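Now for the letters of each chain:
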Amino acid sequence: YARPKTNFIFRSEIIIMLLGIDFGTTRTVVTAVNRGNYPVVSFTNEAGDAYEWYPSVIATKGAELAFGFEAQAKQGQPGWTFRRSVKRELATLGPDSRLKIGEHVMSMFEWVTSFLEQLHYDLRENSNLRIKKKDKLEAMISVPANANSNQRFITLEAFRRAGFEVRGMMNEPSAAGIEYAHHILGENGVGKREYLLVYALGGGPFDSAVISLADRDHEVLSNEGITRLGGDNFDVLLLDMVLKKAGINEVTDTQLALLLEECREKKEGLRPTTRK
């Protein structure tokens, strides 16, 4: 396709919505192409509150499964097991590797596909996208620069099986380089070759990469990452400090999930003016 001037492509009366999706460790963010702009998609949870992100969480109770905002609403309810950041397991598990959450066991590929199926459903039913059932969702998706072949395969194929038509896959640092070139350097783009250092401290890994920019060419020259150094790890450290201070040695799985969520909220609530 030529670069669209709107967020729609018409093909035999079917509207194709173009999306960019960052499948994150703790949160997934979706943007839409709209007349040269890329607004972040808002989701509405069960309480009617709107958020510009989608929680990357899973909850199970026996044979029952819940994903995203539906899963987040299960926190603290009796019998439900709450699991954040399943994406982190992609670094070490293959497509057929079995993962147990609560009493439910599925392959890694099935867990990711099921989560993305719920994302696909909520984009249609519980977001501010103006689309109909027959309309198609095309997506450009991103992965960490140091993602292994299993991570890339599972992510790509899971998106396809969840109902998305995948236009392509891009390294996250390259996506950041394009954003930099487009908004910082302006419409004229990169006149001469430049080098950009990009770092990403997310919920799961800490990644850094050096990319080369020249005209429309964005190439990752080198990348390095620490798989287990992210927001989740800070949450655990905060919780350990609190439990030690309170003299508490044991907590249940339900209590652990609720306490980690509160640690995350307090951490994300820090501001330059925070005093306590």
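These figures come from a predicted structure and were not determined experimentally. (Residues numbered from 1 in each chain as written. Predicted model: local features only at pLDDT ≥ 70, side-chain atom pairs only at ≥ 80, totals over all residues. Heavy atoms only, no water.)

Caption draft 1: Structural view of the confidence of the model for the chain. Per-residue confidence for the chain gives a mean pLDDT of 87; residues scoring 70 or more make up 92%. Taken together, the stretch residues 1-5 has pLDDT below 50 and engages in 11 contacts with residues farther than four places along the chain or on a different chain. (pLDDT = per-residue confidence, 0-100. Contact = heavy atoms within 4.5 Å.)

Caption draft 2: Structural view of the sheet that holds strand β8 (residues 64-67). Strands sit in the order β8-β7-β9 across an open sheet of three strands; the sheet is antiparallel. The open sheet has two free edges, formed respectively by β8 and β9 (81-84), since each of these has just one partner strand. Ignoring which end each strand starts from, the neighbouring axes of this sheet average 20° apart. As paired strands, strand β7 (residues 57-61) and β9 are joined by four bridges and run antiparallel to one another. What sits directly across from Val-57, in β9, is Arg-84. (Pairing = 2+ DSSP bridges. Helix = DSSP H or I, 4+ residues; strand = E, 2+ residues; numbered from the N terminus. Axes fitted to C-alpha atoms, helices over the stretch in contact; angles between N-to-C directions.)

Caption draft 3: Fine view of the pattern of salt bridges. Scanning all chains against the criterion turns up 16 salt bridges. Glu-268 is the partner of Arg-27 in a salt bridge, and the nearest nitrogen-oxygen pair spans 2.8 Å. Taken together, the positions of Arg-27 in strand β3 (residues 27-32) and Glu-268 in helix α6 (residues 253-268) put the pair 241 residues apart, joining distant regions of the chain. According to the relative accessible area criterion, Arg-27 is partly exposed, its value standing at 26%. A residue is classified by how much of its surface remains accessible, and Glu-268, at 34% relative accessible area, is partly exposed. Of the charged contacts in the structure, one is a salt bridge between Glu-89 and Arg-83, with a shortest N-O distance of 3.0 Å. (Salt bridge = Lys/Arg side-chain N within 4 Å of Asp/Glu carboxyl O. Buried < 20%, exposed > 50% of the residue type's maximum accessible area, 1.4 Å probe, protein only.)

Caption draft 4: Seen up close, the packing of helix α5 (residues 231-246) against α6. Running from amino to carboxyl end, α5 crosses α6 at an angle of 110°, the nearest separation of the two axes being 9 Å. Our classification of the angle between α5 and α6 gives roughly perpendicular. Judged by residue contacts, Gly-231, Phe-234, Asp-235, Val-236, Leu-238, Leu-239 and Leu-243 of α5 engage Leu-256, Leu-259, Leu-260, Cys-263, Arg-264 and Lys-267 from α6. Across the contact of α5 with α6, the residue classes tally to nine nonpolar, one polar and three charged. (Parallel < 35°, antiparallel > 145°, perpendicular 65-115°, else oblique. Nonpolar A, V, L, I, M, F, W, Y, C, P; charged D, E, K, R; others polar.)

Caption draft 5: Molecular detail of a nonpolar patch on the surface. A surface patch of nonpolar side chains, about 580 Å² in accessible area, is lined by Tyr-199, Leu-201, Ile-226, Leu-229, Phe-234 and Leu-237. Of note, Leu-201 is situated in strand β14 (residues 190-201). (Patch = residues over 30% accessible without salt bridge, like charges linked within 9 Å, V, L, I, M, F, W, Y side chains within 5 Å. Areas by Shrake-Rupley, 256 points an atom, 1.4 Å probe, with all protein chains shown as cover.)

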